[in-house]
2 protein chains.
Amino acid sequence: MDRPELGFLLSRLMREVMAREKPILEAAGLEMWDYAVLTALADSAAPTQAQLAATTGRDKTRLIGNLDRLEAEGMVARRPDPADRRNRIVSLTPAGSRVLRRCREAIEAMETELLADLDPADRAGFERALTSLAETDR
Amino acid sequence: MDRPELGFLLSRLMREVMAREKPILEAAGLEMWDYAVLTALADSAAPTQAQLAATTGRDKTRLIGNLDRLEAEGMVARRPDPADRRNRIVSLTPAGSRVLRRCREAIEAMETELLADLDPADRAGFERALTSLAETDR
DNA sequence: GTATATCGTAAGCGCGCGTAGATTATCTGT
DNA sequence: ACAGATAATCTACGCGCGCTTACGATATAC
């Protein structure tokens, strides 16, 4: 297919998505990284902060600040692992869970709107391909 | 469809593509922005640097450094517009054109490999959808 | 001819980033 | 009991980013 390069297309689309997400997250008092952290904790708590850093892609020393604030606002809990007290188990609080759900819904609505004009088959292929490609971690 | 959010998928894929492009561009002595500039000049010269900045998305004061280096290495030419000597017309030199073509070929090969495992129909839909979405400038 | 606007350029601002080193608490192997 | 590894934290780099201000050269409006 003849098209601009992936990098350009992706960075353009990325900017667009970011621009649309930003006001949603700001309304909830979250930064991008906060949201990534909450999302990573949605299914299950993180056994260590280092692992949470790895799964979110956040630098582990930078993650600390996000957790400090999220904890202060009661969205996240840090408790020492009883089995190894060096580790901090990071988990979502009910309040954090609520904030996350609200943001998630708003963002999904935004995405639906963004993708609305696509040919349905293209859209399905796009989502399948993107999901598959995002798992390509070398 | 049930999938992670667009933002996460895109940023993961973006990182992968960047990681694969980097060594190619480094081998040619280019930074990411240099390559974006050369690509923008491929079809036609830029009538002003401000316009080149706008089309590439680069801040216009930051663009200057890229042009300085590209010009010093003979890949790009800056000449005053005879009709309005405040403007600098930026154009690709033959050498710049060669470097661009070589990088472009390597990057296209990389992309082909990256997309190789996709279902062909998904891949076609992915490329069409991405191209279309990247044109969504609000 | 004088005021106003535009282009390219230089310099400096605060920001977030990844990284590195040191520190403290804790666990593991011997 | 002791040496070495590991987790979280703090501090401090240097980097590139976008943004702002200032300035000289040039063009345009009156």
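Parameters and conventions
Residues numbered from 1 in each chain as written. Chains lettered and ligands numbered in written order. Predicted model: local features only at pLDDT ≥ 70, side-chain atom pairs only at ≥ 80, totals over all residues. Heavy atoms only, no water. Helix = DSSP H or I, 4+ residues; strand = E, 2+ residues; numbered from the N terminus. Buried < 20%, exposed > 50% of the residue type's maximum accessible area, 1.4 Å probe, protein only. Contact = heavy atoms within 4.5 Å. Areas by Shrake-Rupley, 256 points an atom, 1.4 Å probe, with all protein chains shown as cover. Lys, Arg positive; Asp, Glu negative; His and termini not counted. Charge placed at Lys NZ, Arg CZ, Asp CG, Glu CD. Buried area = accessible area lost by both parts, 1.4 Å probe. Salt bridge = Lys/Arg side-chain N within 4 Å of Asp/Glu carboxyl O. Nonpolar A, V, L, I, M, F, W, Y, C, P; charged D, E, K, R; others polar.

Participant: Can you walk me through the overall build of chain A in this structure?
Facilitator: Regarding its fold elements, chain A presents 6 helices and 2 strands. Going from N to C terminus, chain A has its helices and strands arranged as α-α-α-α-β-β-α-α. Projected onto its principal axes, the C-alpha positions of chain A cover 55 × 35 × 25 Å. Counting over 138 residues, chain A shows a buried share of 44%. A fraction of 52% describes how many contacts in chain A between residues 6 or more apart in sequence connect residues 24 or more apart. Accessible area for chain A stands at about 7500 Å²; split by element, carbon and sulfur atoms hold 50% of it. One way to put it: in chain A the 21 positive side-chain charges average out to a point 7 Å from where the 24 negative ones average out.

Participant: What am I meant to see in the interface of chain A and chain B here?
Facilitator: A common measure of how large an interface is: the accessible area buried when the components associate. Counting from both sides, the interface comprises 43 residues of chain A and, opposite them, 43 residues of chain B. Taking both partners together, chain A and chain B bury about 4500 Å²; carbon and sulfur atoms supply 65% of that area. For the chain A face of the interface with chain B, the top three residues by lost area are A:E5, A:L6 and A:L133, together amounting to 14%. Taken together, the connections running from chain A to chain B amount to 8 salt bridges. Between A:R128 and B:D122 there is a salt bridge; the shortest N-O distance is 3.0 Å. When residues of the side of chain A that touches chain B are traced back to their parent elements, those giving at least two are α1 (6-27), α2 (32-42), α5 (94-114) and α6 (120-134) of chain A. The greatest single-element share of the side of chain A that touches chain B, amounting to 15 residues, is contributed by α1(A). A class-by-class count of the residues in the side of chain A that touches chain B yields 20 nonpolar, 9 polar and 14 charged.

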